[in-house]
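Chains, contacts and geometry: an overview
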Amino acid sequence: MTLQPDIPATDPLLGSAPNPAIGPTVRPVGLPDTPDGGPSSTRAGRGPGEAQSPADPPLSASGPGHGTDRAHLDRLARAATKMGRAIVEIAGHLDALEDQSQQQATALAQLRDGAGRVVQSNASAMETLTKVSGAISQMLDTLRATGAQMQATALTTEEVITWVLTLDDRARGVQVTLDAVEKDNEQIAAIAAQVNMLAINAKIEAARAGEAGKGFAVVADAINELSRHTGHAAKDIAGNVSTLTGWIGRLQAESGDFARKAEEMRSAGQDTGIKLTETLEIAGAVNERTTLITSDSSTAGEALQGFAPRIARITESIAEGTRGVAEAHRHVENLIETSEQLVQDSVAIGGTSDDQLFITDVQDRAARIAAAFEAALDAGRITPDQLFDTTYAEVRGSNPPQFTTRYTTLTDALLPEIQEPALKLDSRVVFCAAVDRNGYLPTHNRPFSQMQGPDPVWNTANCRNRRIFDDRVGLKAGRNTDPFLLQVYRRDMGGGEYVTMKDLSAPIFVQGRHWGGLRLAYRF
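Per chain, residues are indexed from 1 in the order of the written sequence. Since the coordinates come from a predicted model, pLDDT governs what is reported: local features require at least 70, and pairs of side-chain atoms require 80 or more to be given and counted, while whole-chain, interface and lining totals use all residues. To get the side-chain values, take all heavy atoms of the structure and skip hydrogens and water.

1. Digging into the pattern of salt bridges
What counts, and what does not: By convention in these notes, a salt bridge is any Lys or Arg side-chain nitrogen within 4 Å of a carboxyl oxygen on Asp or Glu. Counting from the N terminus, the helices are the DSSP runs of H or I reaching at least four residues and the strands are the DSSP runs of E reaching at least two.
According to the stated counting rule, one finds 11 salt bridges in the structure shown. For R144, the salt bridge is made with D141, and the minimal N-O distance between the two is 3.5 Å. Pair noted here: R144 and D141 are both in helix α1 (residues 66-209), with a separation of three residues, about one helical turn.

Below, the structure written as structure tokens:
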């Protein structure tokens, strides 16, 4: 990966934003306050609104003079540093406000989209409810018609059941009559037999009487024929009565079965009528509730239709506020630049700030690094092209990404003996490390140069070497060519906590060519 010398206007060191020309964003978080992770309460200077420190020399009203001018310059340098700190704090609050505005805008956009989906869903539900309500109304009409038909059928069925239930009684009555007929027929058959017997006897007597009994014989024959016919008729009647009796018996048996089934049908019809009545009541209640829901959905739809424009107005208001915050943030960035320039200019013309110890030290170490690089070039340990290499090869599997260049091995060999002692310069010092013009930090202090593990959060805090810090502070430190650059930034401590720190850097020139800068970070 080859980086270009573009400087993005982004957050400070531990709030990096990506530089499109450089590559992946490296956002360091959780940098410990001291190499051993312990906090420090040491603080130089005072913040806005604090009383004048006894260490600040008072302004003199006695007129111009060398001592007075020096005092003015010293106070100017201190005031510029304090102003820078205050402005950075404001910038941090603006950052938070801008983030909140963006979050609100995003939430409102999601709310607007959600409201749109709700409107669509409500319209769809209204259409469905209308169809359901119509179907339920039709079902109610059908159920009512069915109920009327069932009532009419029930009346007819009741009449049939009543007739069936009385059929058995009627069949028994017929059976009694048939039994009587059968007895009468038996008597007729007995009489016919007796008459036949008498006729035979009469015929015998007529034959004995001779000529005088011929008339009586004719009568006897007629009577005999009549008895014979009567016997045949009685026999036929007996057969018919027997057949009718058997049919009546079967009819009684069948009518009994049918009567039981008729009773079951009556019971089932009554149950069906009860259930139909219950169904009508439930369907009526559902229809009533569906009508209410349809009405409520219509009211909700009208309310939702008016909801979207309100969200749009709120969204536009937030967008306007976000634009205002962004504009204010740009002005604050300019103020930060101005305050940093004030410190440099006041020191350059003879003023002394609370940072003088650090300024002198970082300039001396930067000069030593430059001398070490030049000695390596003279000894042939590295070529100029290798030392100024801007092709950053990503270390496979590193998270967050780490990179190597053709000079990384050299910096690992030369820089620790120059950078490590700076950690003991003052208890406020957090780190001291050289970066090239693109914010690439090849060799960090030992506490921050651990081997990466599987946890990217731990890696971010403890494996900060071979990383690219292309934020505003990191790039300015690497590209500054003035004798020193003092920057103030808010350091993200995690969990929404920030600590304001100073980043002091001095340029590194190698054989007249700008390589980068040495950064010295420390607390107020």
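Next comes the rest of the description.
2. Side note on the confidence of the model for the protein
Rule in force here: For every residue, the predictor assigns a confidence score, pLDDT, that lies between 0 and 100. The criterion used for residue contact is that any of the two residues' heavy atoms lie within 4.5 Å.
Averaged over the protein, the pLDDT score is 78; the fraction of residues at 70 or greater is 82%. A low-confidence stretch, residues 4-64 stays under pLDDT 50, and its non-local contacts, those more than four residues away or across chains, total 140 contacts.

3. Observations concerning helix α8 (residues 472-479)
Filter applied, for reference: For the exposure calls, accessible area comes from a 1.4 Å probe over protein chains only, and a residue counts as buried if that area is under 20% of its type's maximum, exposed if over 50%, partly exposed in between. Two N or O atoms count as a polar contact when they lie within 3.5 Å, although within protein this holds only if one can serve as hydrogen donor and the other as acceptor, and sequence-adjacent residues are included solely when both atoms are side-chain atoms.
Where burial is concerned, most of α8 is hidden: eight out of the eight residues are buried. Every buried residue of α8 is accounted for by R472, V473, G474, L475, K476, A477, G478 and R479. By the N-cap criterion, in which a side-chain oxygen at the helix start approaches the backbone nitrogen of a residue two or three places on, α8 is capped by D471, the distance to V473 being 3.1 Å.

4. A look at helix α3 (residues 356-378)
What counts, and what does not: Take the number of residues in a helix, subtract one, and multiply by 1.5 Å to get its expected span.
The end-to-end C-alpha separation of α3 is 33 Å, in line with the 33 Å expected for 23 residues at 1.5 Å each. Those residues of α3 lying buried are F358, I359, D361, V362, R365, A366, I369, A370, A372, F373, A376 and L377.

5. Notes on the pairing of strand β8 (residues 513-523)
Worth spelling out the cut-off: Should DSSP find at least two bridges between two strands, the strands are taken to pair.
Counting buried residues in β8 gives 10 out of 11 residues, a clear majority hidden from the surface. As judged from the 10 bridges shared by strand β7 (residues 497-510) and β8, these two strands associate in the antiparallel manner. Within the sheet, the bridge partner assigned to D503 lies in β8 and is A521. What sits between the antiparallel neighbours β7 and β8 is a turn of two residues, in which Q511 has the positive phi angle 55°.

6. Side note on a nonpolar patch on the surface
What counts is decided by this rule: To count toward a patch, a residue needs a relative accessible area over 30% and no salt bridge; like charges are then connected within 9 Å, while nonpolar side chains (Val, Leu, Ile, Met, Phe, Trp, Tyr) are connected within 5 Å. Residue exposure ignores everything except the shown protein chains as possible cover, and the areas themselves are Shrake-Rupley values with a 1.4 Å probe.
A surface patch of nonpolar side chains, about 210 Å² in accessible area, is lined by L76, M83 and L342. Relative to the helices and strands, M83 is located in helix α1.

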